Structures are given as structure tokens and as C-alpha cells.
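Observations on the three-dimensional arrangement
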Amino acid sequence: GLVNAFPVESVQLFDLCMAGKWDEADRLYKWFLPLLRLDTVPEFVHLIKLTQQFVDMGTELVRPPRLELSGPKRDAAVLVIQEGIRTRPS
């Protein structure tokens, strides 16, 4: 799911691994891992859509019966997303 929000980094990670550039791949993976973990919980659809909203590639709106995230779960996710964007590799 996070490939939709971070397509460049997703392809770069794949390419680095295929080229055997493990040190570079490891650095990129360590940056990406907190974001990738958003895709491993029951609210993963909500979190992917929230991430896409933060990178201007969509909206956090979800279709019923789902409801947008709120409260501490959303707040924690926003911190992870903002840190990922702040430290995004160039």
C-alpha cells in the first residue's frame, strides 16, 4: 500500500536490492520501515489513505462502513508520516 504514497522510494528500494547494493538498500529500508509498519494493522486501509493525503496523492476519506481515523491512533500515525516526509531521502 505504501508504494502508492512513495512510488519513487519503493522502486529505488527494489532496484538497489536487485543490484546487490545492500548498504544503500538498508539505509533506505530503515527510513521506510516505520511507514511500512502502517500497512500491518487492521486499520491499514485508513493509514495508507491518510499517508496518501499527506503526500498529495489522495485523500484519507474511506468508504462506509469504514470511518476515518481519529484520536490517538490518527495522531500517532500522523507523527510517523510527518517524520517520514521530513526525513525523506532526496
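What you are looking at is a predicted structure, and each value in this text was computed from that prediction instead of being measured. (Residues numbered from 1 in each chain as written. Predicted model: local features only at pLDDT ≥ 70, side-chain atom pairs only at ≥ 80, totals over all residues. Heavy atoms only, no water.)

1. With respect to unusual backbone geometry
Most peptide bonds take the trans configuration, and most residues that are not glycine carry a negative phi. Between Pro64 and Pro65 the backbone carries a cis peptide bond, its omega angle lying at 15°. Residue position: Pro65 is located in the loop between α3 (44-54) and α4 (71-86). A positive phi angle is found at Asp56, which is not glycine, with a value near 60°. (Helix = DSSP H or I, 4+ residues; strand = E, 2+ residues; numbered from the N terminus.)

2. Considering the pattern of salt bridges
Applying the stated criterion to the full structure yields five salt bridges. The salt bridge involving Arg88 is made with Glu9; its shortest N-O contact spans 2.6 Å. Of this pair, Arg88 sits in the segment after α4 while Glu9 is found in helix α1 (residues 7-18), placing the two residues 79 residues apart along the sequence. Looking at Arg88, the relative accessible area reads 32%, which means it is partly exposed. When its relative accessible area of 4% is taken as the criterion, Glu9 is described as buried. (Salt bridge = Lys/Arg side-chain N within 4 Å of Asp/Glu carboxyl O. Buried < 20%, exposed > 50% of the residue type's maximum accessible area, 1.4 Å probe, protein only.)

3. Focus on the confidence of the model for the chain
For the chain, per-residue confidence averages 96 on the pLDDT scale, and 100% of positions sit at 70 or higher. Looking at the elements of the chain, mean pLDDT is at its lowest for α3, recorded as 96, and at its highest for helix α2 (residues 22-36), recorded as 98. (pLDDT = per-residue confidence, 0-100.)

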